[in-house]
Amino acid sequence: MFYRPDTFAAALRLKADHAAAIKPISGGTDLVVGLNRGQSLGVDVLDLTAAKDYRRIDHADGSLILSGGTTFAQLEQLDIACLARAAASVGGPQIRNRGTIAGNLATASPAGDGSVALLALDAEVELAHADRGTRWLRLIDYFEDYRQTALGDDELISHVRIPTPSALQASAWYKIGKRGAVNISLVCAAAARFLDGRICLAFGSVAPIPMRAVQTEKLLQGQPLTGALLHQAAQAASAEVKPIDDWRASADYRKAMCAVLARRVLEQLQTDDERQMP
Amino acid sequence: MNQPVRPDVPPSPTPYAAPPHGVVGQSCGRLDGATKTTGAIKYGADLFWGRAELFVKVVRSEHAHAEVKSIITSEARAVDQVMGVYTHNDMPGTNLQGLILRDHEVLTSGRVRYMGDAIALVVAESEATARLGADAVQVEYEPLPVIDSIESALAKDAYPLYKAGNIMGGKRIRKGNVDEALAGAAVVVTESFETQSVDHAFLDLEAGVACYQDDLLTIEAPGQWVHEERRLIALALGLEPEHIRIIQPATGGAFGGREDISIQIYLGLAALKHPGKTIAMRLDRAESVRARHKRHAMRIEYTLGAKSDGSLTAAKVTVYSDEGAYASTGPAVMRKAASHATGPYRVPNVSVDVYGVHTNNNPTGAMRGFGACQMAIAYEGMMDRLAIKLEMDRFDLRIKNLIQSGDEVTTGQHIQVATAVECAEAAMGKFREVNGGLLVQPDEAHLRRGFGMSVICFGLGYGDGFPDCARARVAFDDAGKAVVYTGGVDVGQGLINMVAQVAADELGLQLDNVRVVAADTALTDESGSSSATRQTYFTGNAVKLAAEEVKEELLDIAGAHLQLHPHEIELTSGFARAIHVPGKEIAIKELVAQGKKRGYKLDQQAQFKPGTLCEDFDTGQSPRSFVTYLFGAHVSQVLVDIETGEVKVERHIACHDVGKAINPQAVRGQITGGVAQGIGMALMEEVISKKGRILNGNFTDYILPTIKDVPHVECIVLENTDPGGPFGARGVGEPPLIGAVPAVLGAIQDATGTAPNILPCTPERVWRMLQDGTNA
Amino acid sequence: MTWHLECTINDAPVTRDIPEDLTLLDFLRDHLGLTGSKGACLEGECGSCTVHLDDAPVCSCLTLAAQAHGRSVCTVEALAESTTLDPIQQAFIDTGAAQCGYCTPGLLMAGRTLLDRTAFPEANHLLTSIEGNLCRCTGYASIIEAIQIAANESKA
């Protein structure tokens, strides 16, 4: 069956009732690619694109609350550097018009650009159930293992909460791909510095999940970003990630790139800081 | 890189001022432009609509190398809506295919040699049921050792893929005394290069329809040579060619990738088995990548010797090329690689050995550049290395050694009009227009800018004594329009405009008074393949010859009407005009009507068959291996991130001497498109396989250059008339790609100080190269 | 299972019972005979299948036809008004941007969006607007030129 509810509440109801027997679809970048390769859907389909209340962006208490159905095209317009740039690096405009942040989080690809940027923003994700209500999870606790997350079979991702631009000092993004656009990252990195001085650093394509470099972050807390510290952080990041060898890139290269990218995104934070200071 | 530097897109072109008469040399819009922009034109898969009745799906091998022990089709036959399942036992003809050697079974009877080998054919009422049927065919294999690389094929105890072993054949060139010359050389440079397997990746996947009715098998599917396809289909299916009609639908790119026959024989077999039904078949991207031939991956070992003043004295070249499972056009690619081993340089002592090595990878065959492309990477890479060793300027070293008119190339052929120097100077001149050619290095310590150059030559046509001929017919229809008939296929390169413009110019017509009937074996004569950069030269000439004869008739009719000698009349802008008497004229349309009434044929055929001479078996020498040569030079400027290995092409200049640009816009399109493919080959494209299984057989993973990867290409089109070409034209198709790759590689070397020798230069390879001093 | 689809295609209302797992691309091509939109990769990498869904360019190969329910779809077939070509179509012809032509419909739809949304597209916008469309023939030069010319026409 194909379901096309026009409210998110109705979608939640369907998901709660059908659990694993129904798969949500928005941009189709996962499900329909499989279909085109001759795989059958096998389950019912829950189309979330008719739910108009699932594409909202709201402000609340220094946070931005993004509906799960927020598209990359919408994210591109945000005034949050790492997320906007990460979103702009996803596919071409056709994909960004349809792909959603919930889809990115639910698919949980280790290379998910949106996931990496949100991790650096220390975002929280709201998982919703029609009867049990909602629960907020820090994104760092959401990704569990390769394409496994805390999202229950009977739940949908309702919202993502991130700091507003004003609650954020600076953020940065860098992605290495094999060409100038429409890339799956070989390695990508995002970093954010918050008003309280906290720095978060996240990487994609270097572990089974989009990962936060928590060990490296510890080094950085409360310290001025000197050249020596950046160097130390770069080495720590490289040591912390757990990439694999595959035909896209070797583990060696990915590790080395984590050092380079860690330094670059952290330097970028610093430059942005300086720019903001008169 | 996140902040790409890219020159602004070019300003809009100034409107082209049409010359007073003649359409050769004009950038006439495509005759099929309107149908291509409205979506009306029909490519292979578009023919399904309203016509397809039965669908074909091929069962392909699950092993790269195995003995097929049994094929059980009973379950597949039982699938609902499956109308037939066929194996080698059902093939009415030889069941063999192959452009040069008939070495490849259409449906495998015994041994599969790569994962694209076809085993059975399922015909069903829908694509979905055909797929279900294909899944239900049970094949029992006895796996054999898989040879997945040149190295493993050449290993001492390697499993022999054929009775004769794993070496398919070779080609050699011997000129002078290389060993002596190298021993006496002041400087010797040795390097080895590895080029990669590349997919043609045309967007329009193999698709078409077929129907067998009234003893005629009609197949509408895209290829590159309809008449040869007819011969091959006839052979495989045991039909007479007269009972087969091939019609080429609109075709979305080829680049050599449609030279080997693709779906046509399967369509034909299904049509024969289900007479009266319209059969449809298409490959999806994964199947296309899995089944179709690729560009040869080559391992090239090159030693170059020179005097201390930089004059080249000797080149010793050994090439191992991965031929894959079957010959395809490999033997010809090997010959072309050998004959282009030293490119446009004067090298008195040459020794070349090219070996084709069978593996269980995809067959390798034609792709834009055809062996000459890989060699240019090597010889231009060698020139850069030699320049460093000699501490000479790269440009000066090249100029010093480039052939001049009258000099000979690798095969000993003397080139009448050699314009390599002119091309090189024009390209460098253009490059130096910005800041005198001095590069400004970026402020960021991790970014390095550099430029590279290449000069290349290319023998067009099949060459090497292979029969190469084009025929054409030019006739006036009853509406007074000139119709050009050619067997040549337009795969997107613009053949239709080329022949129309040649005929229109010759006949003094505007382009809208010409139409073209192309690539239909029932209506057109053979014009040879759309490959080898040959159609402008060959079919262009044939069309011009036929048009000249029609023109003679027109002048004769006009002479009678205007009471003038035909020599006093010119055909221009749709009129026959008295050259010396203003106002005395008659419309060509009127002449045609009069002529037809008075028994003029106004319908002429012509053939162009210039002929070449075989290269000597032992020495590879031939006084005329190719009908003519093309020259080109590129300069490329790149920005390299030395920490990440990312490379951005910032600027690219391409100069090509095309003899005469029949349609300058189309020529520029070929150049910019070739450069884009060259950038793809240099930086990102690579078919990656493991044990014969392709790992990146889709566009997510086999990546092509996007708009963000290709800079605004600065084209320089030189027009040094070719004595034998139509209106002096030579051609343009392949050289732009050939020139682009080494220029980009040279730029990476210039930027980083380390010369790449393994392609493509992905970020990781460049990074590794900078870590280790080599990108191995 | 079938889905009762009601939508607008090229300004005409369309009502059909369709398979739920049918893609919009297959619906257009195999059910309506609108073969202008092309399939080339079927995974959102090449843009050949680009159509407008409520004015936004999308890959029709990744959109289920049922997802177009209640919405408006526009394909390359609707760009020209009877025999008058859209300026972007004419520009593609004039600059030689349609070589083999297979990527052309998708590029026209992507380029048309840019012109609809931006009166004075900057070079960078222009490039980004078609970064999701692959062309294997032209090297993109003539395509950029064509979209610029069409933009200038639209301004005039």
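Here is what the cut-offs are and how they apply
Residues numbered from 1 in each chain as written. Chains lettered and ligands numbered in written order. Predicted model: local features only at pLDDT ≥ 70, side-chain atom pairs only at ≥ 80, totals over all residues. Heavy atoms only, no water. Helix = DSSP H or I, 4+ residues; strand = E, 2+ residues; numbered from the N terminus. Rg over C-alpha atoms; globule rule 2.2 N^0.38 Å. Buried < 20%, exposed > 50% of the residue type's maximum accessible area, 1.4 Å probe, protein only. Contact = heavy atoms within 4.5 Å. Areas by Shrake-Rupley, 256 points an atom, 1.4 Å probe, with all protein chains shown as cover. Lys, Arg positive; Asp, Glu negative; His and termini not counted. Charge placed at Lys NZ, Arg CZ, Asp CG, Glu CD. Pairing = 2+ DSSP bridges. Buried area = accessible area lost by both parts, 1.4 Å probe. Salt bridge = Lys/Arg side-chain N within 4 Å of Asp/Glu carboxyl O. Domains from an automatic or database assignment. Polar contact = N/O pair within 3.5 Å; in protein donor to acceptor, adjacent residues only side chain to side chain. Core = buried A, V, L, I, M, F, W, Y, C linked by side-chain atoms within 4.5 Å. Axes fitted to C-alpha atoms, helices over the stretch in contact; angles between N-to-C directions.

Of the regular secondary structure elements, chain A holds 11 helices and 14 strands. What you see for chain A is a C-alpha radius of gyration of 19 Å, in line with the 19 Å of a compact globule of 278 residues. Structurally, chain A occupies a C-alpha span of about 60 × 45 × 30 Å along its principal axes. Within the span of chain A, comprising 278 residues, buried residues form 61% of the whole. Intrachain contacts of chain A at a sequence separation of at least 6 include 61% that bridge at least 24 residues. As displayed, chain A has an accessible area near 10500 Å², and 49% of this comes from carbon and sulfur atoms. Measuring between centres, the 30 positive side-chain charges of chain A sit 5 Å from its 31 negative side-chain charges.

A few words on unusual backbone geometry. Residues and elements named next belong to chain B. The omega angle of the peptide bond from Leu759 to Pro760 is -10°, so this bond is cis rather than trans. Relative to the assigned elements, Pro760 resides in the loop between α17 (735-752) and α18 (763-772). The phi torsion at Gln81 lies on the positive side, around 75°, for a residue other than glycine. Along the chain, Gln81 falls in the loop between α2 (74-78) and β3 (82-86).

Moving on: the sheet that holds strand β2 (residues 22-25) of chain A. Residues and elements named next belong to chain A. Read from one edge of the open sheet, 3 strands run β1-β3-β2, paired in parallel fashion. What marks the edges here is a single partner per strand, and that holds for β1 (2-3) and β2. Note: β2 against strand β3 (residues 44-47), 4 bridges, orientation parallel. Note on β3: the bridge partner recorded for Ile25 is Asp47.

Okay, the interface of chain C and chain A next. The extent of an interface is frequently quoted as the accessible surface area lost upon association of the parts. Each partner contributes to the interface: chain C provides 31 residues, whereas chain A provides 29 residues. Interface of chain C and chain A: buried area, both sides summed, is about 2400 Å²; carbon and sulfur atoms make up 56% of it. When the buried surface of chain C facing chain A is broken down by residue, Leu62(C), Gln67(C) and Glu131(C) rank first, second and third, together holding 26% of it. Applying the counting rule to chain C against chain A returns 3 salt bridges.

Residues and elements named next belong to chain C. Its domain assignment divides chain C into domain 1 (2-78) and domain 2 (87-155). When each unit is reduced to the centre of its C-alpha atoms, the spacing between domain 1 and domain 2 is 21 Å. With 16 residues of domain 1 in contact, the opposing surface of domain 2 contributes 13 residues. Between domain 1 and domain 2, the buried area comes to about 1100 Å², and carbon and sulfur atoms account for 60% of it. Per-residue buried area on domain 1 facing domain 2 is highest for Lys38, His52 and Val76; these three make up 38% of the total on that side. Our count for the contact surface shared by domain 1 and domain 2 stands at 0 salt bridges. The interface formed by domain 1 and domain 2 holds 6 residue pairs in polar contact (both at pLDDT 80 or more) in total.

Attention now moves to the nonpolar core. Tyr302(B), Phe476(B) and Leu683(B) are the most contacted members of the largest nonpolar core, which has 197 residues in total. Excluding residues within four positions of it along the chain, Phe476(B) makes contact with Lys481(B), Ala482(B), Leu507(B), Leu509(B), Val550(B), Leu554(B), Ile588(B), Val592(B), Lys596(B) and Leu602(B). In this structure, Leu35(A), Leu48(A), Tyr54(A) and Val116(A) belong to the second largest nonpolar core, which totals 87 residues.

In this section: the pairing of strand β23 (residues 575-578) of chain B. Residue and element names in this part refer to chain B. Side chains Ala576 and Ala578 project from β23 onto a buried face, and the interleaved Phe575 and Arg577 project onto a face without burial. Judged from the 4 bridges that link them, strand β22 (residues 569-572) and β23 form a sheet pairing that is antiparallel. Among the inter-strand pairings, Leu571 is bridged to a residue of β23, identified as Ala576. Adjacent in sequence and paired antiparallel, β22 and β23 are bridged by 2 residues, among which Ser573 carries a positive phi angle near 50°. One ladder, built from 3 bridges, connects β23 with strand β24 (residues 585-587); its direction is antiparallel. Directly across from Arg577, in β24, lies its bridge partner Glu585. Where β23 folds back onto β24 in an antiparallel hairpin, the turn is made up of 6 residues, including Gly583, whose phi is positive at roughly 90°.

Next up on the list: the pattern of salt bridges. The final tally for this structure, using the stated rule, is 73 salt bridges over all chains. Arg299(B) serves as the salt-bridge partner of Glu301(B), at 3.6 Å between the closest nitrogen and oxygen. Connected through salt bridges with shared partners, the residues Asp122(A), Arg138(A), Asp196(A), Arg198(A), Arg212(A) and Glu217(A) form a single ionic network.

Before going further, it helps to examine the interface of chain C and chain B. The partner chain B presents 54 residues to the 51 residues of chain C that form the contact. Here chain C packs against chain B, burying approximately 4100 Å² in sum over the two surfaces, 58% of which is carbon and sulfur. On the chain C side of the contact with chain B, Gln99(C), Tyr102(C) and Arg136(C) bury the most area, a combined 20% of that side's loss. On the surface where chain C and chain B come into contact, there are 4 salt bridges. For Asp46(B), the salt bridge is made with Arg29(C), and the minimal N-O distance between the two is 2.7 Å. Along the contact surface separating chain C from chain B lie 25 residue pairs in polar contact (both at pLDDT 80 or more).

Time to look at helix α1 (residues 8-18) of chain A. Residue and element names in this part refer to chain A. Among all positions of α1, only Phe8, Ala11, Leu12, Leu14, Lys15 and Ala16 are buried. Looking at the packing, one finds that the buried side of α1 touches β1, β2, β3, β6 (124-129) and β10 (156-163). A positive phi of about 45° marks Ala19, the residue just after α1.

Another point: the sheet that holds strand β9 (residues 167-175) of chain B. Residues and elements named next belong to chain B. Pairing within the open sheet is mixed, and its 5 strands lie in the order β9-β17-β16-β15-β10. The sheet is open, and its two edges are formed by β9 and β10 (187-194), each paired on a single side. The average angle at which neighbouring strand axes cross in this sheet is 5°, direction not considered. One ladder, built from 10 bridges, connects strand β16 (residues 312-324) with strand β17 (residues 349-358); its direction is parallel. When the sheet's bridge partners are listed, Ser321 is paired in β17 with Gly356. With respect to the sheet, helix α9 (residues 330-339) is in contact with β9, β15 (298-306), β16 and β17, its orientation differing from that of β9 by roughly 20°.

So, about the pairing of strand β12 (residues 216-220) of chain B. All names here are of chain B. Taken across its 5 residues, β12 has 4 buried, putting it largely inside the fold. Where strand β11 (residues 207-213) and β12 come together, 5 bridges link them in antiparallel fashion. Within the sheet, the bridge partner assigned to Val209 lies in β12 and is Glu220. As judged from the 4 bridges shared by β12 and strand β13 (residues 244-247), these two strands associate in the parallel manner. Pairing of Glu220 across the sheet is with Ile247, part of β13.

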